[in-house]
Amino acid sequence: DVSIIDVDFEWFDLDSTIDFHGIKTLLRQLLDVDNQLFDLSALSDLILSQQPSVGSTVKCDGKESDPYAFLTALNLSHLKDKPIIQELTKYLIEQASKAGVPQLSSLLSPDSSSQVALIFSERFINMPHAIVPPLYSMLHSEVTSAAAKESNFGFTHYLIPSRTYSLVVSELDAEPQQGNSKRSKKQAAAAAQPETYYFHPEDEALHRHALAYGGFDYVKQGDEGASDAKRAFQDEGVKTQGHLILIEASKFETATKAVAEYLGGA
């Protein structure tokens, strides 16, 4: 049986009086196991206090409800004196070196003139992808408008942290297999070269316009059996990874249009 539920989505500016707990929850999901390394309350407060007119939330039950998705950007260079930004910057530089994004170190060095926007983009796992293109389109328009009035929106680069996952051979099924069964062959293939899947499918469109991108293992990845904790109705375990995408500001508008084309948005 197939049932259809009509849901109306609404876009709102970020609101510090309403959105704190919802933003904190989505940040915890975005940073995965490494969320434990940061003061998410301080980060949520900073996001909500900086520029309520730049960035958006998506809600289903009116303005007073918690956001189901959000997207915004913080200027890492402009906010470099904030303790939470210092922690984030150190973390991002360390992970970028593992992810194949070495440019970030020089862009965020103390003597750099670059202004790097850190984009936070997260949503509940069952949210439709169609909400994403408007979020990116509105962010680009809002940043362009704000840059005409305030210098701290004159971004030179955009850094987008995201998440991926791969299916790995389950520790629960690690006992020797007899013969050349289909299952043992499947496990061997998964162990040899696991395929990468994207929690945010728009990442694949953003890659085409990126200066650099790549994945990294989380600092608090866990032991070898941790993947089984995320195993659900399948033979393989699930291993999540962090992912970084670095885009030059001159290509950001084209990248947002590519997201709309890829996901079928307007």
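Shown above is the structure to which this text applies.
Residues numbered from 1 in each chain as written. Predicted model: local features only at pLDDT ≥ 70, side-chain atom pairs only at ≥ 80, totals over all residues. Heavy atoms only, no water.

## Digging into the pairing of strand β8 (residues 237–248)
Here is step 1: Of all twelve residues in β8, nine are buried; the element is thus mostly enclosed.
Here is step 2: In terms of strand pairing, strand β5 (residues 157–168) meets β8 through twelve bridges, oriented antiparallel. Following the sheet pairing, V168 is matched in β8 by G237. (Buried < 20%, exposed > 50% of the residue type's maximum accessible area, 1.4 Å probe, protein only. Helix = DSSP H or I, 4+ residues; strand = E, 2+ residues; numbered from the N terminus. Pairing = 2+ DSSP bridges.)

## Brief notes about the packing of helix α1 (residues 20–30) against helix α2 (residues 40–50)
Here is step 1: One can describe the packing of α1 onto α2 by two numbers: an axis separation of 9 Å at closest approach and a directional angle of 120 degrees. Here α1 is positioned oblique relative to α2, judged by the angle of their axes. Two packed elements cross with a definite hand, and for α1 against α2 that hand is right-handed. Contacts between α1 and α2 involve F20, I23, K24, L27 and R28 from the former and L40, S41, L43, S44, D45, I47 and L48 from the latter.
Here is step 2: A per-class count over the contact of α1 with α2 returns seven nonpolar, two polar and three charged. (Axes fitted to C-alpha atoms, helices over the stretch in contact; angles between N-to-C directions. Parallel < 35°, antiparallel > 145°, perpendicular 65-115°, else oblique. Left-handed = near helix turned anticlockwise from the far one by under 90°. Contact = heavy atoms within 4.5 Å. Nonpolar A, V, L, I, M, F, W, Y, C, P; charged D, E, K, R; others polar.)

## A word on α1
Here is step 1: Within α1, burial applies to F20, G22, I23, L26, L27 and L30. Buried residues along α1 cover an arc of 165 degrees about the axis, so they all sit on one side.
Here is step 2: Where α1 is buried, its residues touch α2, β2 (56–59), β3 (69–75), β4 (116–123) and β5.
Here is step 3: Taken from the residues just after α1, D32 is the one with a positive phi, measuring 55 degrees. (Arc of directions from axis to C-beta.)

## Brief notes about unusual backbone geometry
Here is step 1: We note that D32 has phi near 55 degrees; this positive angle belongs to a residue other than glycine.
Here is step 2: For D32, the position within the fold is in the loop between α1 and α2.

## Remarks on the packing of α2 against helix α3 (residues 83–99)
Here is step 1: At a closest axis distance of 9 Å, the pairing of α2 and α3 adopts a crossing angle of 105 degrees. When the interaxial angle is binned, α2 and α3 end up roughly perpendicular. Listed contacts from α3 to A42, L43 and L46 of α2 are I84, I85 and L88.
Here is step 2: Across the contact of α2 with α3, the residue classes break down as six nonpolar, no polar and no charged.

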